Amino acid sequence: MNELLIADDHPLFREALRGLVTKLYPSATIYEANTISSLYALVEDRPNADLLLLDLTMPGAAGYSALVHLRAQHPLLPIVIISAHEDPVLMRRAIDHGAMGFIPKSADSQTLSVALQQILLGDTWLPEEAHALPPISPDEKKAAQLLSELTPQQFRVLQMVSTGQLNKQIAHELGVSEATIKTHMTAILRKLGVNNRTQAVLIANQLLLQNQTDTGQF
């Protein structure tokens with residue numbers, strides 16, 4: 001492995017994960033991101049990275065939205081979810097949305113080593129308890145397919161709309177005109193096949209985690 005990307009907003013966990021990966025792959029160069037926006041920029045800069053280790057609950061992310069977006073924009077980049085969420089249903093959903101693996105943050109170094117080796121060989125890796133679960137619902141699969149059609153900027157706009165921001169606020173944050181945001185929204189509604197912002201947000205919400213009550217976890 002030559003290049004590995006780590007995306008997590010907790011410095012201590014990034015440091016621990018970097019140490020483990022360095023022991024397993026001493027020659028690998030590791031790059032890190034602590035927000036979704038910095039991750040998108042990092043992936044654009046390092047499109048040929050061998051692997052991305054992605055936390056599900058980074059600032060700016062909403063459930064599986066970042067995974068779906070990255071999978072659409074960079075289909076050759078292997079993505080592995082590393083998360084404190086250990087619900088087997090969430091693990092299976094991650095695989096259905098394009099992840100190559102789901103490694104719980106509680107996993108020991110031996111488990112991490114086995115998982116990464118298997119994933120780098122082109123296989124998926126999941127904890128045993130998630131193997132026999134059914135796939136995601138047709139509605140969730142359709143939502144992911146629709147969202148994957150959005151451009152990166154359209155995807156960012158929809159994410160910000162989903163947090164309740166108005167066009168004026170989004171325009172200010174992205175450094176563009178309000179008219180540009182309106183143009184993006186028109187395209188978003190057309191691609192999603194809906195008539196208004198509320199319906200668009202409902203589609204985006206299909207990718208949320210269902211048990212986001214434990215927001216204190218990392």
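Structure shown above.
Predicted, not measured: the structure shown is a model, and the values here were computed from it. (Residues numbered from 1 in each chain as written. Predicted model: local features only at pLDDT ≥ 70, side-chain atom pairs only at ≥ 80, totals over all residues. Heavy atoms only, no water.)

Secondary structure summary: the chain contains 10 helices and 5 strands in total. What you see for the chain is a C-alpha radius of gyration of 17 Å, in line with the 17 Å of a compact globule of 218 residues. Counting over 218 residues, the chain shows a buried share of 46%. If you take every contact in the chain between residues at least 6 apart in sequence, the share linking residues at least 24 apart comes to 68%. Positive and negative side-chain charges of the chain, numbering 16 and 22 respectively, have mean locations separated by a distance of 9 Å. (Helix = DSSP H or I, 4+ residues; strand = E, 2+ residues; numbered from the N terminus. Rg over C-alpha atoms; globule rule 2.2 N^0.38 Å. Buried < 20%, exposed > 50% of the residue type's maximum accessible area, 1.4 Å probe, protein only. Contact = heavy atoms within 4.5 Å. Lys, Arg positive; Asp, Glu negative; His and termini not counted. Charge placed at Lys NZ, Arg CZ, Asp CG, Glu CD.)

What follows covers the packing of helix α8 (residues 167–174) against helix α9 (residues 178–192). Between α8 and α9, whose axes approach to 8 Å, the crossing angle comes to 110°. Relative to α9, α8 is oriented roughly perpendicular. Of the residues in α9, those in contact with N167, K168, I170, A171 and L174 of α8 are E178, I181, K182 and M185. In terms of residue class, the contact of α8 with α9 is built from 5 nonpolar, 1 polar and 3 charged. (Axes fitted to C-alpha atoms, helices over the stretch in contact; angles between N-to-C directions. Parallel < 35°, antiparallel > 145°, perpendicular 65-115°, else oblique. Nonpolar A, V, L, I, M, F, W, Y, C, P; charged D, E, K, R; others polar.)

Taken in spatial order, the 5 strands of this open sheet run β2-β1-β3-β4-β5, and their pairing is parallel. Both outer strands of the open sheet, β2 (29–33) and β5 (101–104), are each paired with one neighbouring strand and no more. If you compare each strand with its neighbour and ignore which way they point, the axes differ by 20° on average. Direction of pairing for strand β3 (residues 51–54) relative to strand β4 (residues 79–83): parallel, over a ladder of 3 bridges. Within β4, the position partnered with L52 by the bridge is I79. Docked against the sheet, helix α2 (residues 36–45) engages β1 (3–7), β2 and β3, running at close to 145° with respect to β2. Contacts from helix α3 (residues 65–73) reach β3 and β4 within the one sheet, and its direction differs from that of β4 by about 165°. (Pairing = 2+ DSSP bridges.)

Position of H97 among the secondary structure elements: in the loop between α4 (88–96) and β5. Engagement of the side chain of H97 in a polar contact is seen with the side chain of E140, the distance being 2.7 Å. For H97, the contacting residues outside a window of four places in its chain are Y64, L67, V68, R71, I136, E140, A144 and L207. (Polar contact = N/O pair within 3.5 Å; in protein donor to acceptor, adjacent residues only side chain to side chain.)

We now examine the environment of E3. Turning to its location among the elements, E3 is positioned in strand β1. On the basis of relative accessible area, E3 is assigned to the buried category, the value being 16%. As for E3 and L208, which are separated by 205 residues in sequence, their C-alpha atoms are 29 Å apart. Excluding anything up to four places from it in sequence, E3 contacts T29, Y31, R46, A49, D50 and L51. A polar contact of 2.4 Å, which involves the side chain of E3, links it to the side chain of R46.

Take the pairing of β1 next. Each regular strand carries side chains that alternate between the two faces of the sheet. Counted residue by residue, β1 has 5 buried out of 5 residues, so it is predominantly covered. Taken together, the 5 bridges between β1 and β2 define a ladder with parallel strand orientation. Within β2, the residue paired with E3 across the bridge is T29. The β-α-β motif built from β1, the intervening helix α1 (residues 11–24) and the parallel element β2 has right-handed crossover chirality. Alignment of β1 against β3, held across 4 bridges, turns out to be parallel. Bridge pairing in β3 links I6 to L53. (Right-handed = clockwise from strand over helix to strand, strands pointing away.)

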